[in-house]
Amino acid sequence: MRILMVCLGNICRSPLAEGILKHKARQQGLDWFVDSAGTGAWHVGELPDPRSIDVARRFGIDITDQRARQIRPDDFERFDLIFAMDRQNLRHMGQMANRSEHRQKIRLLLDVLYPGQEQEVPDPYYGGPEGFEQVFRLVEAACDRILVEYGRF
Ligand code: 4NP
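Below: a short report on this structure. (Residues numbered from 1 in each chain as written. Predicted model: local features only at pLDDT ≥ 70, side-chain atom pairs only at ≥ 80, totals over all residues. Heavy atoms only, no water.)

What about the site of the ligand?
Inspection of the region around the ligand gives C7, L8, G9, N10, I11, C12, R13, H43, D123, Y125 and Y126 as its neighbouring residues. Expressed as a share of its isolated accessible area of 350 Å², the protein-covered part of the ligand is 91%. In this structure the site holding the ligand corresponds to the largest pocket. Here the residues of the shell around the ligand sort into six nonpolar, three polar and two charged. (Near = heavy atom within 4 Å. Areas by Shrake-Rupley, 256 points an atom, 1.4 Å probe, with all protein chains shown as cover. 1 Å grid on protein atoms, 1.4 Å probe; cavity = no way out; pocket = protein on both sides within 12 Å on 5 of 7 lines; lining within 4 Å. Sits in = over half its atoms within 2 Å of the grid points. Nonpolar A, V, L, I, M, F, W, Y, C, P; charged D, E, K, R; others polar.)

This is the structure we're talking about:
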């Protein structure tokens with residue numbers, strides 16, 4: 001399974017999603033390729049936000065090997081599933097993906113937990129550290145669900 005996690009800047013939410021899903025897939029012995037990207041280019045080449053690095057580390061996950069990148073058209077070919085953190089990311093990718101087989105790969109991350117409700121992982125960039133912990137918990141619950149849906153138990 002090849003899974004791409006997508007947010008706006010690729011420094012706060014999607015790096016956590018990448019790190020958490022990689023960690024859990026590895027723990028289960030799954031040979032999954034997990035990556036992340038942003039719809040925007042402002043932070044390309046940067047490390048994850050220090051607040052994301054901190055919350056991941058507190059839960060035993062190191063995400064300091066990651067560097068931000070922007071989503072590219074060939075991501076819609078290379079990945080099996082592409083998860084958007086919020087509706088803006090989803091809309092942006094819907095505009096980039098012009099073939100129906102590509103559009104079918106795109107899903108809101110929290111749709112795995114709350115199908116059809118269009119729930120979003122809130123953007124924590126302008127808030128305090130508690131927002132990053134909330135993001136971690138939401139994303140972790142979604143990753144657990146992804147492993148049930150797409151992994152083997
Ligand atoms: P992310 O958070 O999309 O979760 O990485 C943001 C990071 C940077 C900005 C916005 C959101 N920004 O406006 O620079």
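There is more to say, and it comes next.
A short note on unusual backbone geometry
Non-glycine residue N10 carries a positive phi angle of around 55 degrees. Take N10: it is sitting in the loop between β1 (2–7) and α1 (13–27). The backbone of E118 sits at a positive phi, close to 55 degrees, despite the residue not being glycine. Turning to its location among the elements, E118 is positioned in the loop between β4 (106–108) and α6 (129–150). You can call E118 partly exposed: its relative accessible area is 48%. (Helix = DSSP H or I, 4+ residues; strand = E, 2+ residues; numbered from the N terminus. Buried < 20%, exposed > 50% of the residue type's maximum accessible area, 1.4 Å probe, protein only.)

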